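# Descriptive structure summary
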Amino acid sequence: MLILFNEIQALWRARALVWVLTRRELAARHTGTAAGVLWPYLQPLLTVAAYYLVFDVVFSMRLGEGAPPHAVGTFLIVGALPWMAFCDAVARGMNSLIEAGGLLHKNPLPPVLFTARAVLASGLIYGPLLVVVALVYAPLHHFNGALLGFVVLLGLQLVLCLLLGYLLAILAAALRDTVQLVNFFLSVGIYLSPILFPLTLFPENWRWVLWFNPMTALVVGYQQILLQGAWPPVSVWWVTLVWLAVTALLLNVVVKRSRDQLVDWL
(Lines give C-alpha, C1' and ligand atoms only; values in the text may rest on other atoms or scores of the structure.)
Protein backbone atom coordinates (compact mmCIF):
# COMPACT_ATOMS: atom_id res chain seq x y z
CA MET A 1 0.00 0.00 0.00
CA LEU A 2 3.08 2.24 0.00
CA ILE A 3 2.46 3.29 -3.60
CA LEU A 4 -1.10 4.40 -2.81
CA PHE A 5 0.13 6.25 0.26
CA ASN A 6 2.58 8.17 -1.94
CA GLU A 7 -0.30 9.12 -4.24
CA ILE A 8 -2.24 10.48 -1.26
CA GLN A 9 0.81 12.49 -0.17
CA ALA A 10 1.18 13.94 -3.66
CA LEU A 11 -2.49 14.88 -3.64
CA TRP A 12 -2.18 16.57 -0.26
CA ARG A 13 0.95 18.51 -1.22
CA ALA A 14 -0.79 19.85 -4.33
CA ARG A 15 -4.12 20.53 -2.61
CA ALA A 16 -4.06 24.23 -3.58
CA LEU A 17 -3.59 23.28 -7.24
CA VAL A 18 -6.34 20.67 -6.97
CA TRP A 19 -8.72 23.35 -5.69
CA VAL A 20 -7.87 25.65 -8.61
CA LEU A 21 -8.33 22.81 -11.11
CA THR A 22 -11.64 21.84 -9.48
CA ARG A 23 -13.00 25.37 -9.74
CA ARG A 24 -12.03 25.49 -13.40
CA GLU A 25 -13.72 22.14 -13.96
CA LEU A 26 -16.92 23.48 -12.40
CA ALA A 27 -16.74 26.64 -14.49
CA ALA A 28 -16.28 24.61 -17.67
CA ARG A 29 -19.52 22.74 -17.02
CA HIS A 30 -21.70 25.83 -17.35
CA THR A 31 -19.67 27.95 -19.78
CA GLY A 32 -21.90 29.32 -22.51
CA THR A 33 -25.19 28.34 -20.82
CA ALA A 34 -28.01 30.76 -20.06
CA ALA A 35 -28.55 29.32 -16.58
CA GLY A 36 -24.87 29.77 -15.72
CA VAL A 37 -23.66 28.19 -12.50
CA LEU A 38 -27.17 26.89 -11.74
CA TRP A 39 -27.23 24.53 -14.73
CA PRO A 40 -25.12 21.68 -13.27
CA TYR A 41 -27.47 21.67 -10.27
CA LEU A 42 -30.66 21.97 -12.31
CA GLN A 43 -30.00 18.86 -14.39
CA PRO A 44 -30.12 16.30 -11.53
CA LEU A 45 -32.93 18.22 -9.81
CA LEU A 46 -35.06 18.14 -12.96
CA THR A 47 -34.36 14.42 -13.34
CA VAL A 48 -35.50 13.74 -9.77
CA ALA A 49 -38.57 15.95 -10.30
CA ALA A 50 -39.43 13.92 -13.40
CA TYR A 51 -39.20 10.68 -11.40
CA TYR A 52 -41.57 12.05 -8.79
CA LEU A 53 -43.99 13.42 -11.41
CA VAL A 54 -44.16 10.19 -13.41
CA PHE A 55 -44.30 7.64 -10.58
CA ASP A 56 -46.23 9.52 -7.89
CA VAL A 57 -48.41 12.05 -9.71
CA VAL A 58 -49.14 10.57 -13.14
CA PHE A 59 -49.23 6.82 -12.44
CA SER A 60 -49.70 6.95 -8.64
CA MET A 61 -47.58 3.81 -8.37
CA ARG A 62 -47.18 2.19 -4.96
CA LEU A 63 -44.72 -0.29 -3.54
CA GLY A 64 -45.73 -3.59 -2.04
CA GLU A 65 -46.02 -4.67 1.57
CA GLY A 66 -42.91 -4.33 3.68
CA ALA A 67 -41.56 -1.34 1.75
CA PRO A 68 -40.50 1.70 3.86
CA PRO A 69 -42.88 4.13 2.05
CA HIS A 70 -45.72 3.18 -0.26
CA ALA A 71 -45.08 5.95 -2.81
CA VAL A 72 -42.59 4.90 -5.49
CA GLY A 73 -41.37 8.43 -6.20
CA THR A 74 -40.61 9.15 -2.56
CA PHE A 75 -38.62 5.91 -2.33
CA LEU A 76 -36.87 6.39 -5.67
CA ILE A 77 -35.45 9.84 -4.95
CA VAL A 78 -33.43 8.61 -1.94
CA GLY A 79 -31.51 6.11 -4.06
CA ALA A 80 -31.57 7.77 -7.49
CA LEU A 81 -29.74 10.96 -6.54
CA PRO A 82 -26.79 9.16 -4.87
CA TRP A 83 -26.66 6.83 -7.88
CA MET A 84 -26.50 9.79 -10.28
CA ALA A 85 -23.74 11.27 -8.13
CA PHE A 86 -21.82 7.99 -8.26
CA CYS A 87 -22.19 7.61 -12.04
CA ASP A 88 -21.16 11.20 -12.71
CA ALA A 89 -18.08 11.04 -10.46
CA VAL A 90 -16.90 7.64 -11.71
CA ALA A 91 -17.48 8.45 -15.40
CA ARG A 92 -15.70 11.79 -15.19
CA GLY A 93 -12.91 10.31 -13.09
CA MET A 94 -12.46 7.49 -15.59
CA ASN A 95 -12.06 9.95 -18.49
CA SER A 96 -9.92 12.41 -16.55
CA LEU A 97 -6.48 11.12 -17.60
CA ILE A 98 -7.43 10.70 -21.26
CA GLU A 99 -8.70 14.30 -21.33
CA ALA A 100 -5.55 15.56 -19.59
CA GLY A 101 -3.19 13.56 -21.80
CA GLY A 102 -1.75 16.58 -23.61
CA LEU A 103 -1.09 18.43 -20.38
CA LEU A 104 0.57 15.42 -18.76
CA HIS A 105 2.91 15.09 -21.74
CA LYS A 106 4.11 18.67 -21.23
CA ASN A 107 4.12 18.87 -17.42
CA PRO A 108 5.39 16.30 -14.90
CA LEU A 109 2.29 16.58 -12.71
CA PRO A 110 0.97 13.66 -10.64
CA PRO A 111 -1.86 12.08 -12.70
CA VAL A 112 -3.96 11.65 -9.56
CA LEU A 113 -4.53 15.42 -9.50
CA PHE A 114 -6.71 15.27 -12.58
CA THR A 115 -8.84 12.40 -11.34
CA ALA A 116 -9.26 14.19 -8.00
CA ARG A 117 -10.29 17.33 -9.88
CA ALA A 118 -13.03 15.49 -11.78
CA VAL A 119 -14.38 13.62 -8.75
CA LEU A 120 -14.30 16.64 -6.42
CA ALA A 121 -16.05 18.82 -9.01
CA SER A 122 -18.80 16.23 -9.20
CA GLY A 123 -18.97 16.11 -5.41
CA LEU A 124 -19.38 19.88 -5.20
CA ILE A 125 -22.43 19.61 -7.42
CA TYR A 126 -24.16 16.55 -6.01
CA GLY A 127 -23.07 16.96 -2.38
CA PRO A 128 -25.26 20.03 -1.71
CA LEU A 129 -28.18 18.39 -3.53
CA LEU A 130 -27.92 15.29 -1.33
CA VAL A 131 -27.80 17.47 1.77
CA VAL A 132 -30.98 19.26 0.61
CA VAL A 133 -32.72 15.89 0.15
CA ALA A 134 -31.61 14.87 3.66
CA LEU A 135 -33.03 18.10 5.10
CA VAL A 136 -36.34 17.48 3.33
CA TYR A 137 -36.68 13.96 4.77
CA ALA A 138 -35.16 14.69 8.20
CA PRO A 139 -38.29 16.33 9.75
CA LEU A 140 -40.16 13.04 9.24
CA HIS A 141 -37.96 11.57 11.96
CA HIS A 142 -37.47 14.71 14.07
CA PHE A 143 -33.85 15.22 12.99
CA ASN A 144 -32.63 12.23 14.99
CA GLY A 145 -29.02 11.12 15.40
CA ALA A 146 -29.14 8.82 12.39
CA LEU A 147 -28.40 11.87 10.23
CA LEU A 148 -24.80 11.66 11.40
CA GLY A 149 -24.60 8.35 9.58
CA PHE A 150 -25.76 10.12 6.42
CA VAL A 151 -22.74 12.45 6.58
CA VAL A 152 -20.39 9.48 7.09
CA LEU A 153 -21.92 7.62 4.13
CA LEU A 154 -21.45 10.67 1.91
CA GLY A 155 -17.78 10.78 2.88
CA LEU A 156 -17.35 7.07 2.16
CA GLN A 157 -19.05 7.45 -1.22
CA LEU A 158 -16.68 10.29 -2.15
CA VAL A 159 -13.63 8.20 -1.22
CA LEU A 160 -15.00 5.21 -3.15
CA CYS A 161 -15.57 7.36 -6.23
CA LEU A 162 -12.04 8.76 -6.02
CA LEU A 163 -10.44 5.32 -5.72
CA LEU A 164 -12.62 3.72 -8.37
CA GLY A 165 -12.34 6.70 -10.71
CA TYR A 166 -8.54 6.68 -10.53
CA LEU A 167 -8.38 2.90 -11.03
CA LEU A 168 -10.62 3.08 -14.09
CA ALA A 169 -8.76 6.12 -15.43
CA ILE A 170 -5.51 4.15 -15.55
CA LEU A 171 -7.23 1.13 -17.09
CA ALA A 172 -8.91 3.39 -19.67
CA ALA A 173 -5.53 4.89 -20.57
CA ALA A 174 -4.16 1.39 -21.17
CA LEU A 175 -7.25 0.06 -22.93
CA ARG A 176 -9.88 2.43 -24.34
CA ASP A 177 -12.48 -0.36 -24.34
CA THR A 178 -12.68 0.18 -20.59
CA VAL A 179 -14.71 3.34 -21.15
CA GLN A 180 -17.34 1.56 -23.23
CA LEU A 181 -17.59 -1.36 -20.82
CA VAL A 182 -17.91 0.80 -17.71
CA ASN A 183 -20.47 3.11 -19.33
CA PHE A 184 -22.58 0.05 -20.11
CA PHE A 185 -22.44 -1.14 -16.49
CA LEU A 186 -23.29 2.34 -15.24
CA SER A 187 -26.33 2.45 -17.52
CA VAL A 188 -27.72 -0.88 -16.28
CA GLY A 189 -26.45 -0.66 -12.70
CA ILE A 190 -29.56 1.11 -11.48
CA TYR A 191 -31.49 -2.11 -12.18
CA LEU A 192 -28.98 -4.13 -10.12
CA SER A 193 -29.37 -2.08 -6.96
CA PRO A 194 -32.28 -1.41 -4.58
CA ILE A 195 -33.10 1.96 -6.14
CA LEU A 196 -36.19 1.19 -8.19
CA PHE A 197 -37.43 -1.37 -5.66
CA PRO A 198 -36.74 -2.26 -2.01
CA LEU A 199 -34.18 -4.96 -1.35
CA THR A 200 -36.91 -7.12 0.19
CA LEU A 201 -38.84 -7.26 -3.10
CA PHE A 202 -35.91 -8.76 -5.01
CA PRO A 203 -35.99 -12.60 -5.21
CA GLU A 204 -34.21 -13.86 -2.10
CA ASN A 205 -32.20 -16.50 -3.99
CA TRP A 206 -30.75 -13.81 -6.26
CA ARG A 207 -30.37 -11.04 -3.71
CA TRP A 208 -26.63 -11.69 -3.39
CA VAL A 209 -26.16 -10.41 -6.97
CA LEU A 210 -27.06 -6.88 -5.87
CA TRP A 211 -24.10 -6.73 -3.50
CA PHE A 212 -21.72 -6.83 -6.48
CA ASN A 213 -22.88 -3.29 -7.15
CA PRO A 214 -20.65 -1.00 -5.04
CA MET A 215 -23.58 1.36 -4.44
CA THR A 216 -25.99 -1.24 -3.01
CA ALA A 217 -24.74 -0.96 0.57
CA LEU A 218 -24.63 2.85 0.44
CA VAL A 219 -28.14 3.08 -1.02
CA VAL A 220 -29.49 0.75 1.67
CA GLY A 221 -27.81 2.97 4.24
CA TYR A 222 -29.36 6.13 2.82
CA GLN A 223 -32.78 4.48 2.76
CA GLN A 224 -32.50 3.36 6.38
CA ILE A 225 -31.57 6.85 7.52
CA LEU A 226 -33.92 9.00 5.44
CA LEU A 227 -36.95 6.71 5.07
CA GLN A 228 -36.95 4.96 8.43
CA GLY A 229 -34.90 7.29 10.62
CA ALA A 230 -32.74 4.36 11.71
CA TRP A 231 -29.01 3.82 11.90
CA PRO A 232 -27.84 1.61 8.96
CA PRO A 233 -27.26 -2.06 9.80
CA VAL A 234 -23.76 -3.43 10.29
CA SER A 235 -23.85 -5.07 6.86
CA VAL A 236 -23.95 -1.65 5.20
CA TRP A 237 -20.73 -0.60 6.90
CA TRP A 238 -18.69 -3.75 6.41
CA VAL A 239 -19.72 -4.21 2.76
CA THR A 240 -18.79 -0.58 2.04
CA LEU A 241 -15.44 -1.02 3.80
CA VAL A 242 -14.78 -4.22 1.85
CA TRP A 243 -15.40 -2.36 -1.41
CA LEU A 244 -13.04 0.42 -0.30
CA ALA A 245 -10.33 -2.05 0.73
CA VAL A 246 -10.55 -4.15 -2.45
CA THR A 247 -10.54 -1.06 -4.69
CA ALA A 248 -7.57 0.40 -2.79
CA LEU A 249 -5.59 -2.84 -3.13
CA LEU A 250 -6.30 -3.08 -6.87
CA LEU A 251 -5.43 0.58 -7.33
CA ASN A 252 -2.14 0.11 -5.50
CA VAL A 253 -1.17 -2.72 -7.88
CA VAL A 254 -2.30 -0.87 -11.01
CA VAL A 255 -0.50 2.36 -10.08
CA LYS A 256 2.70 0.45 -9.37
CA ARG A 257 2.63 -1.41 -12.69
CA SER A 258 1.61 1.59 -14.81
CA ARG A 259 3.85 4.23 -13.27
CA ASP A 260 6.49 4.16 -16.02
CA GLN A 261 4.15 3.79 -19.00
CA LEU A 262 1.04 5.79 -18.10
CA VAL A 263 2.00 9.01 -19.88
CA ASP A 264 2.99 7.05 -23.00
CA TRP A 265 -0.43 5.39 -23.07
CA LEU A 266 -2.07 8.80 -23.11
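Above this note sits the structure.
The structure contained in this document is the topic of the report that follows. Quick caveat, the model's predicted, so the values are computed rather than measured.

Thresholds applied
Residues numbered from 1 in each chain as written. Predicted model: local features only at pLDDT ≥ 70, side-chain atom pairs only at ≥ 80, totals over all residues. Heavy atoms only, no water. Helix = DSSP H or I, 4+ residues; strand = E, 2+ residues; numbered from the N terminus. Rg over C-alpha atoms; globule rule 2.2 N^0.38 Å. Buried < 20%, exposed > 50% of the residue type's maximum accessible area, 1.4 Å probe, protein only. Contact = heavy atoms within 4.5 Å. Areas by Shrake-Rupley, 256 points an atom, 1.4 Å probe, with all protein chains shown as cover. Lys, Arg positive; Asp, Glu negative; His and termini not counted. Charge placed at Lys NZ, Arg CZ, Asp CG, Glu CD. Axes fitted to C-alpha atoms, helices over the stretch in contact; angles between N-to-C directions. Parallel < 35°, antiparallel > 145°, perpendicular 65-115°, else oblique. Nonpolar A, V, L, I, M, F, W, Y, C, P; charged D, E, K, R; others polar. Phe/Tyr/Trp six-rings, centres within 6.5 Å; stacked < 30°, edge-to-face > 60°. Lys NZ or Arg CZ within 6 Å of the ring centre and 35° of its normal. Patch = residues over 30% accessible without salt bridge, like charges linked within 9 Å, V, L, I, M, F, W, Y side chains within 5 Å. Salt bridge = Lys/Arg side-chain N within 4 Å of Asp/Glu carboxyl O.

## Examining the overall build of the protein
A tally of regular secondary structure across the protein gives 11 helices and 0 strands. Its helices and strands taken in sequence order, the protein reads α-α-α-α-α-α-α-α-α-α-α from the N to the C terminus. Computed over the C-alpha atoms, the radius of gyration of the protein is 19 Å, within 12% of the 18 Å expected from 2.2 N^0.38 for a compact globule of 266 residues. Its C-alpha atoms give the protein principal-axis dimensions of about 60 × 45 × 35 Å. When the 266 residues of the protein are sorted by exposure, 49% land in the buried category. Long-range contacts, defined here as pairs at least 24 residues apart, represent 75% of the contacts in the protein between residues at least 6 apart. Of the accessible surface of the protein, which amounts to about 13,600 Å², a share of 69% is contributed by carbon and sulfur atoms. Within the protein, the 10 negative side-chain charges are centred at a point lying 10 Å from the centre of the 14 positive side-chain charges.

## Side note on the packing of helix 1 (residues 2–13) against helix 10 (residues 234–258)
Viewed as axis vectors pointing N to C, helix 1 and helix 10 meet at an angle of 85 degrees, and their least axial separation amounts to 8 Å. The orientation of helix 1 with respect to helix 10, classified from their angle, is roughly perpendicular. The segment helix 1 lies against helix 10, with Leu2, Ile3, Leu4 and Glu7 engaging Ala248, Leu251, Asn252, Val255 and Lys256. Its residues placed into classes, the contact of helix 1 with helix 10 shows 6 nonpolar, 1 polar and 2 charged.

## Regarding the packing of aromatic side chains
Scanning all chains against the criterion turns up 7 aromatic pairs. Here a set of aromatic residues connected by ring pairs shows up, and it is made of Trp206, Trp208 and Phe212. The positively charged end of Arg15 is found above the aromatic ring belonging to Trp12, 4.1 Å away from the centroid.

## Here's the deal with a nonpolar patch on the surface
On the surface, Val234, Trp238, Val242, Val246 and Leu250 cluster together to form a nonpolar patch covering roughly 490 Å² of accessible area. Mapping Val242 onto the fold places it in helix 10.

## Notes on the side chain of Glu7
Along the chain, the position of Glu7 falls in helix 1. Here Glu7 occupies a buried position and makes no salt bridge, while the nearest side chain of opposite charge, Arg259, is found at 6.7 Å. Apart from residues lying up to four places away in sequence, Glu7 is in contact with Val112, Tyr166 and Val255.

## Quick notes on the pattern of salt bridges
Inspection of every chain in the model, using the stated rule, returns 2 salt bridges. Measuring nitrogen to oxygen at the nearest pair gives 3.6 Å for the salt bridge that ties Glu25 to Arg117. Within this pair, whereas Glu25 is found in helix 2 (residues 15–30), its partner Arg117 is found in helix 6 (residues 112–137), the two being separated by 92 residues in sequence. What makes Glu25 buried here is its relative accessible area of 14%. A salt bridge links Arg92 to Asp88; the shortest N-O distance between them is 3.0 Å. Of the two residues, Arg92 and Asp88 both sit in helix 4 (residues 72–99), 4 residues apart, roughly one turn of that helix. A relative accessible area of 32% means that Arg92 is categorised as partly exposed. Using a relative accessible area of 16% as the deciding quantity, one classes Asp88 as buried.

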